[in-house]
Amino acid sequence: MLHPVPLEFSGAPCGYRCRYCFTKDGTQSSGKLSSFKSCLTGESRSAASYFAALGSPVLLSNRSDPFCKQNELNTIEITKLLAGVGNGAAFQTKGGGKVLEAARIAGRSCWYVTVSYFDDSTRAKIEPHSPSVKYRLSLISDLVKMGNVVYAGVNPYVPEWIGDEDALIRALTDCGVYGVWSELLHFGRKTTLSDDDTAVMGEDVVRRAHKPADDFELGRIGAFMDKCRAAGLRTFIFGQAQPSDFWQPYYDIYKKGCLQNNQGFINHCFATLEDYKRVYFQDYFAFVTAGLTDKRLQIENYIRVHNRFLFFRKEKSPGKMTFKDVLRLSWKYPNVAFSLLRFSCFAQCVDDDSKPVLDDDGNPVLAFKRDGNFEE
Ligand code: SF4
């Protein structure tokens, strides 16, 4: 419900070993090239195979850099494979020796290049093994000149690290970046950092990243996003409750097999609903799953991995689920990461006794308001 690309191949544990990365301890499991190939060739009956047959592109990758030394050869092989079967590839990277070779094989694609710093000296402390800022900016220019749509991940956004953020925004616009995706640095409960990592990243930075963001931090990243928009860049941040065509290039370039997401539904609501109109589960479900199968697939991982509370305490893990089952859980439980209730433009409708209003199938009914101020 976040990214339009439903498939991902993450290769070997990432060789860039950035200090803040949850994969740097090497415990991240590697994607197996053989299983990936069997998905593409239809030999597997998995959910991934279902999407591969729809023509969905594959994201390389969210959990390991596809162009670090450990992955670059497989990335070239996979990119050739995807080009051969007509499924595109989308890339998330900090760069590497074989990027332009992959770009030539893939043809016009969406790229996400992370640049969280203006000063390379800060990059060298936080990400000592990754490519320089100067190289990444020139890579973005090259990719744009080749006809690709390039996003910059100013992600994580850490005020102490970014340096001259106005200069960084100027550099990104000069390179032809289409949009900027930023999130605050956040560590999970299980994140362990060495004393050295903590000292280099900054004790206050690390302390904040272990807690939910406060209004001051949200205000800082919000102000940064405002500056990016003022410079003509599209923006995305998790929980964004305003219309945005940030993801549109994915639908334009890949044409087949991209998923609708919450941003698409928010755009739809802003375009078609007046304030205080009711929003029904059936409308949401119909919008985001148009054209997808109603069969049960092995997709419970999608919701279980980040929402273990659901299946330990509240719901029985069903093994296989339909897309409707997954979406219904997110509709029912606001603490599911992609629940619409986490976007300020939606709120649960309540009756005069403050009880939730339910539809005929027992699903909560939501209300929509552009500015998120439901008190008026
Ligand atoms: S490049 Fe990305 S995946 Fe690799 S260590 Fe750095 S943050 Fe982690």
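## Some thoughts on the overall build of the chain
Then comes step 1: When its secondary structure is counted, the chain shows 17 helices and 10 strands.
Then comes step 2: A compact globule built from 376 residues should have a C-alpha radius of gyration of about 21 Å, and the chain, at 21 Å, falls within 12% of that.
Then comes step 3: Each principal axis of the C-alpha distribution contributes one length, and for the chain these read about 60 × 50 × 40 Å.
Then comes step 4: In the chain, which comprises 376 residues, the proportion classed as buried is 38%.
Then comes step 5: When contacts within the chain are restricted to residue pairs at least 6 apart in sequence, those whose partners lie at least 24 apart make up 70%.

## Some remarks on the nonpolar core
Then comes step 1: If you look at the biggest cluster of nonpolar residues, it comprises 93 residues, and the most contacted ones within it are Ile-140, Val-150, Ala-152, Leu-172, Val-177 and Val-180.
Then comes step 2: Those residues in contact with Ala-152, other than ones at most four positions away along the chain, are Val-113, Val-115, Ile-140, Leu-172, Val-177 and Val-180.

## Topic: the sheet that holds strand β3 (residues 89–93)
Then comes step 1: Taken together, the 7 strands give an open sheet; going across it, the order is β1-β2-β3-β4-β5-β6-β7, and neighbouring strands pair in parallel fashion. Of all the strands in the sheet, just β1 (7–8) and β7 (234–236) have a single pairing partner and so form its edges.
Then comes step 2: Across 5 bridges, the pairing between strand β4 (residues 110–114) and strand β5 (residues 149–153) is parallel. Following the sheet pairing, Tyr-112 is matched in β5 by Tyr-151.

## A look at the domain arrangement of the chain
Then comes step 1: Considered domain by domain, the chain is made up of domain 1 (7–254) and domain 2 (262–368).
Then comes step 2: One C-alpha centre belongs to domain 1, the other to domain 2, and the line joining them spans 27 Å.
Then comes step 3: Between domain 1 and domain 2, the residue contacts involve 10 residues of the former and 12 residues of the latter.
Then comes step 4: Partitioning the side of domain 1 that touches domain 2 into residue classes produces 6 nonpolar, 4 polar and no charged.

## Re helix α3 (residues 72–85)
Then comes step 1: For α3, which comprises 14 residues, the first-to-last C-alpha distance of 20 Å matches the rise-based estimate of 20 Å (1.5 Å per residue) to within 8%.
Then comes step 2: Listed as buried for α3 are Glu-72, Thr-75, Ile-78, Thr-79 and Leu-82. Seen from one end, α3 has its buried residues packed into an arc of 115 degrees, which puts them on one side. Of the exposed residues in α3, the ones pointing more than 90 degrees away from its buried face are Leu-73, Gly-84 and Val-85.
Then comes step 3: On its buried face, α3 sits against α1 (33–40), β2 (58–60), β3 and α4 (99–106).
Then comes step 4: Positive backbone phi, at 90 degrees, marks Gly-86, one or two positions downstream of α3.

## Quick look at unusual backbone geometry
Then comes step 1: A cis amide bond links Leu-60 to the next residue, Ser-61, at an omega of -10 degrees.
Then comes step 2: Inspection of the secondary structure assignment puts Ser-61 in the loop between β2 and α3.
Then comes step 3: A cis amide bond, omega 10 degrees, links Asn-155 with the succeeding residue Pro-156.
Then comes step 4: Inspection of the secondary structure assignment puts Pro-156 in the loop between β5 and α7 (159–162).
Then comes step 5: Located in the positive-phi region is Lys-255, a residue other than glycine, with phi close to 65 degrees.

## What about the site of the ligand?
Then comes step 1: Neighbouring the ligand are 11 residues, the closest being Cys-14, Tyr-16, Cys-18, Cys-21 and Asp-65.
Then comes step 2: Class assignment of the residues belonging to the shell around the ligand gives a composition of 4 nonpolar, 3 polar and 4 charged.

## Considerations on the sheet that holds strand β9 (residues 346–348)
Then comes step 1: Pairing within the open sheet is antiparallel, and its 3 strands lie in the order β8-β10-β9. Only two strands of the sheet have a single partner each, and these edge strands are β8 (278–279) and β9.
Then comes step 2: Both β9 and strand β10 (residues 366–368) contribute to a ladder of 3 bridges, which runs antiparallel. Across the sheet, Phe-346 pairs through a bridge with Phe-368, a residue of β10.

## Description of the environment of Phe-246
Then comes step 1: Locating Phe-246 in the fold gives a position in the loop between β7 and α12 (248–254).
Then comes step 2: Residues Phe-246 and Thr-235 lie 11 residues apart in sequence; the distance between their C-alpha atoms is 6.2 Å.
Then comes step 3: Ignoring anything within four residues of it in the chain, the contact list for Phe-246 reads Gly-179, Arg-234, Thr-235, Phe-236 and Gln-263.

## Some words on the environment of Gly-188
Then comes step 1: Mapped onto the secondary structure, Gly-188 falls in the loop between β6 (179–181) and α9 (195–201).
Then comes step 2: For the pair Gly-188 and Phe-236, spaced 48 residues apart in the sequence, the C-alpha separation amounts to 22 Å.

## Looking at the pairing of β5
Then comes step 1: Here β5 lies mainly inside the structure; 5 of its 5 residues are buried.
Then comes step 2: In β5, alternate side chains face the same way, and those of Val-149, Tyr-151 and Gly-153 on one face and Val-150 and Ala-152 on the other are all buried.
Then comes step 3: In the sheet, β5 pairs with β6 via 3 bridges, with the strands oriented parallel. Residue pairing in the sheet places Gly-153 in a bridge with Trp-181 of β6.

## Section: the environment of Val-177
Then comes step 1: Structurally, Val-177 is set in the loop between α8 (165–175) and β6.
Then comes step 2: Sequence separation between Val-177 and Leu-273 is 96 residues; the distance between their C-alpha atoms is 32 Å.
Then comes step 3: Among all residues touching Val-177, those that are not within four sequence positions of it are Ile-140, Val-150, Tyr-151, Ala-152, Leu-172 and Leu-233.

Conventions used here
- Residues numbered from 1 in each chain as written.
- Predicted model: local features only at pLDDT ≥ 70, side-chain atom pairs only at ≥ 80, totals over all residues.
- Helix = DSSP H or I, 4+ residues; strand = E, 2+ residues; numbered from the N terminus.
- Rg over C-alpha atoms; globule rule 2.2 N^0.38 Å.
- Buried ≥ 20, exposed ≤ 12 C-beta atoms within 10 Å, placed from the backbone.
- Contact = placed C-beta atoms within 7 Å.
- Core = buried A, V, L, I, M, F, W, Y, C linked by C-beta atoms within 7 Å.
- Pairing = 2+ DSSP bridges.
- Domains from an automatic or database assignment.
- Nonpolar A, V, L, I, M, F, W, Y, C, P; charged D, E, K, R; others polar.
- Expected span 1.5 Å × (residues − 1).
- Arc of directions from axis to C-beta.
- Near = placed C-beta within 6 Å.

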